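# Structural characterization, general
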Amino acid sequence: MGNYTVDKYLGDNCYLAYDWENLKPVMWLKKYCKEYLYVWATGGKRMVFPENVGYPIGYGDQEGKEAFYMLEIHYDNPDERTGVQFETGVSFFYTNETRPIDAGLLTVGHDVTLSITIPPNAENFVTVGHCGAECTSKQFPEGGIKIFNALLHSHLSGRKLKLRQFRDQQELEWPDFDDHYDFNYQQNKHLNQEVIVLPGDHLTYECTYGSVWKKGKVVTGGMSTEDEMCQAFLWYYPKIETIEVCGSLYGVELSVADLGITNWTGVDTSESILTKFHVYEPTELAGDLEESLNTKFNWTQEIREEMERKRRYEDHVGICASRKIRRNSYFKVKYPTIVTPYEPADTCRIAGGDGLQLGVVDTFMTVFVRTLDIFL
């Protein structure tokens, strides 16, 4: 294609570009490559927009200019096979007959940082990310936004995922949830009924993890399938130009301090898009942080419970950000005070019956439908 530039900089790999002259990563590239246009995950299918809604390209300050997009594909090769060849790609269709309403993509959840640390052999460890009212009240239009499609995302440790919505001290019906999450069957789900999120509403994305599969090792936040994320991708309209991320994170400094670590440093490397951490004190935990948590740390039940409680219920740093125009605001956020929690209907009981549950039948039907869908 050629060597294109962004401002005065030569284009390159957005995450891992390296400045060999000064021997350090080119961190500025991350600022230009993080506006998501579309997200797909393993098992996903075609997504259909409402008839009057479309994705705008080449608009606003980009109108009449060349626009370039980066296609990012994550590969997983756990068996480290060599010589494997395959073809992959994407077909991109566009039209000059634009639809009247522009769609946007909003990321809600916990930022991908060390704060997402799941203890070894955990079975139901919950991490949350908040899209706080302080963000929605300032950024959302008066009539709110309408979410028409959702992708609830985590990696191999994900067990249950839930997107919750709060308004005026009440919890509304969950916009989306998955109590039997399967990393290999992630869906861009078209919502049966569009979800309206008004200014002042609060969204919380909850991820329940299990780390038994890691065989005694911790799981930390990262882009690899063996690391973890807790992010929901929501397609909505009308598009808001000044926000793409509404989320939060439990402070990294607090995360480290909670583990009793008093002297540490973070180092950016050319091998990862996330910061690596090295521990100096206490000396019994000295070394690479993740390795120390795997081999040296004493994971008592008390530490596990307190760690989950703090990350789930104490103050987070709220993030209200636009990657495109590089505008961020930060504030304290946590679960709102609610008077009425949402209680879903019990769909597993026979109406007027003796309370027998249909869980086994439901599971069989789900497997049958998925199997049939594969062969069709």
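What counts and how
Residues numbered from 1 in each chain as written. Predicted model: local features only at pLDDT ≥ 70, side-chain atom pairs only at ≥ 80, totals over all residues. Heavy atoms only, no water. Helix = DSSP H or I, 4+ residues; strand = E, 2+ residues; numbered from the N terminus. Buried < 20%, exposed > 50% of the residue type's maximum accessible area, 1.4 Å probe, protein only. Polar contact = N/O pair within 3.5 Å; in protein donor to acceptor, adjacent residues only side chain to side chain. Contact = heavy atoms within 4.5 Å. Pairing = 2+ DSSP bridges. Phe/Tyr/Trp six-rings, centres within 6.5 Å; stacked < 30°, edge-to-face > 60°. Lys NZ or Arg CZ within 6 Å of the ring centre and 35° of its normal. Disulfide = S-S within 2.5 Å. Expected span 1.5 Å × (residues − 1). Core = buried A, V, L, I, M, F, W, Y, C linked by side-chain atoms within 4.5 Å. pLDDT = per-residue confidence, 0-100. Salt bridge = Lys/Arg side-chain N within 4 Å of Asp/Glu carboxyl O.

The next point concerns the side chain of S255. Examined against the element boundaries, S255 turns out to sit in helix α2 (residues 252-258). Exposure remark for S255: the relative accessible area of 2% places this residue in the buried category. Polar contacts involving the side chain of S255 include one to the side chain of R311, which spans 3.5 Å. When sequence neighbours within four positions are dropped, the list of residues in contact with S255 reads S115, Y250 and R311.

In this section: the pairing of strand β7 (residues 104-110). In terms of burial, β7 is a largely internal element, 7 of the 7 residues being buried. Of the strand pairs in this sheet, β7 and strand β17 (residues 230-237) are connected by 7 bridges, and their pairing is antiparallel. Residue G104 lies in a different strand from β17, and its bridge partner there is Y236. As paired elements, β7 and strand β18 (residues 245-249) share 4 bridges and run parallel to each other.

Another aspect to go through is the packing of aromatic side chains. Under the counting rule described, the total for this entry stands at 10 aromatic pairs. Pairing Y75 with F86 gives two aromatic rings, centres 5.5 Å apart and planes at 55 degrees, and the pair type is tilted. One end of the pair, Y75, is in the loop between β5 (53-54) and β6 (101-102); the other, F86, is in the loop between β5 and β6, with 11 residues separating them in the sequence. Three or more aromatic residues link up through ring pairs in this structure, and these residues are F49, Y55, F148 and Y237. When the ring centre of W174 is taken as reference, the NZ or CZ atom of K162 above it lies at 4.1 Å.

With the rule as written, the count across this model stands at 3 disulfides. In this model C135 forms its disulfide with C320; the gap between the sulfur atoms is 2.0 Å. Judged by the sign of its S-S torsion, about 65 degrees, the bond between C135 and C320 is right-handed. Of this pair, C135 sits in helix α1 (residues 133-139) while C320 is found in strand β22 (residues 316-322), placing the two residues 185 residues apart along the sequence.

It is worth spelling out helix α4 (residues 301-313) at this point. Between its terminal C-alpha atoms α4 stretches 18 Å, which fits the 18 Å expected from 13 residues at 1.5 Å a residue. Lining the buried residues of α4 we find β8 (117-118), β9 (125-131), β15 (202-209), α2 and β22.

Formed by 53 residues in total, the largest nonpolar core has its most connected members in V108, I147, Y205, L234 and I243. Those residues in contact with I243, other than ones at most four positions away along the chain, are L106, C135, Q139, F140, Y236, C320, A321 and S322. Residues V53, A103, F233 and Y237 belong to the second largest nonpolar core, which totals 12 residues.

Before going further, it helps to examine the environment of R159. Note that R159 resides in strand β11 (residues 158-167). Residue classification places R159 among the partly exposed residues on the basis of a relative accessible area of 33%. Residue contacts for R159: discarding those within four places in its chain leaves D178, D179, H180, Y181, T208, Y209, G210 and W213.

Time to look at the environment of G43. As for its position among the elements, G43 is in the loop between β4 (24-25) and β5. Note on G43: relative accessible area 25%, which makes it partly exposed. Not counting residues up to four positions away in its chain, the partners in contact with G43 are N184, Y185, Q186 and Q187.

Here the chain averages 83 in pLDDT, and 77% of its residues register 70 or above. Across the chain, the element-wise mean pLDDT spans from 36 in helix α5 (residues 359-375) up to 98 in β15. Under a pLDDT of 50 for its full length, residues 354-376 has, in the predicted model, 9 contacts with residues more than four places off or in other chains.

Here strand β20 (residues 276-281) runs beside strand β21 (residues 287-288); their pairing, made up of 2 bridges, is antiparallel. Across the sheet, the residue bridging to H278 is D288, located in β21. If you look at the hairpin formed by β20 and β21, you'll find 5 residues sitting between the two strands.

For the coordinates displayed, the defined rule picks out 11 salt bridges. Its salt-bridge partner being E206, residue R312 comes within 3.9 Å of it at the nearest N-O pair. One end of the pair, R312, is in helix α4; the other, E206, is in strand β15, and 106 residues separate them in sequence. Note on accessibility: R312 and E206 belong to one class, buried. With a shortest N-O distance of 3.2 Å, R309 and E314 are connected by a salt bridge. For E314, a relative accessible area of 30% translates into the label partly exposed. One continuous salt-bridge network, built from bridges that share partners, spans R164, E171, E206 and R312.

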